[in-house]
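Listed below, chain by chain, are the residues.
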Amino acid sequence: GNIPRGKLTSLKGRSGVFIGRVKTRSGKVIDGVWQRPPGKGGRGAGALRLLIAFEDPKKVRPNLNYFERARRTIDRAIEPAFDAAMARAIATAR
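Residues numbered from 1 in each chain as written. Predicted model: local features only at pLDDT ≥ 70, side-chain atom pairs only at ≥ 80, totals over all residues. Heavy atoms only, no water.

A.B. asks: Explain the pattern of salt bridges to me, using residue names and the numbers behind them.
C.D. replies: Evaluated as defined, the whole model comprises 4 salt bridges. The partner of R21 in a salt bridge is D31, with the nearest N and O atoms 4.0 Å apart. Taken together, the residues span a long stretch of sequence, with R21 in strand β1 (residues 17–23) and D31 in strand β2 (residues 29–35) at a distance of 10 residues. Overall, R21 belongs to the exposed group, its relative accessible area being 65%. Notably, a salt bridge pairs K58 with E55, separated by 3.7 Å at the nearest N-O pair. (Salt bridge = Lys/Arg side-chain N within 4 Å of Asp/Glu carboxyl O. Helix = DSSP H or I, 4+ residues; strand = E, 2+ residues; numbered from the N terminus. Buried < 20%, exposed > 50% of the residue type's maximum accessible area, 1.4 Å probe, protein only.)

A.B. asks: Before we move on, could you go through helix α2 (residues 66–91) and cite the residues and values that matter?
C.D. replies: Between its terminal C-alpha atoms α2 stretches 36 Å, which fits the 38 Å expected from 26 residues at 1.5 Å a residue. I74 marks the point of greatest bend in α2, at about 40°. (Expected span 1.5 Å × (residues − 1). Bend = angle between axes of the 7 residues up to and from the residue.)

Here you go:
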């Protein structure tokens, strides 16, 4: 999902947290928010911990069909209501 506004800034402000790309032992490069383990000198000893992994946006094709939805709504709800109102108006016309 999407990250709330200001969340990355608040994470970046924490001690030992950074945003960037890290190459793992297996050779895979992961872009995200990482935390250094606590230790001497601020660099720590041990493995980094991945807090948030970033992914490339997925390609999607919008398929909203506004006109089709509008036509179905009109056919289903508005048209019968209009016909009933017109029939009442004609019946009471002088």
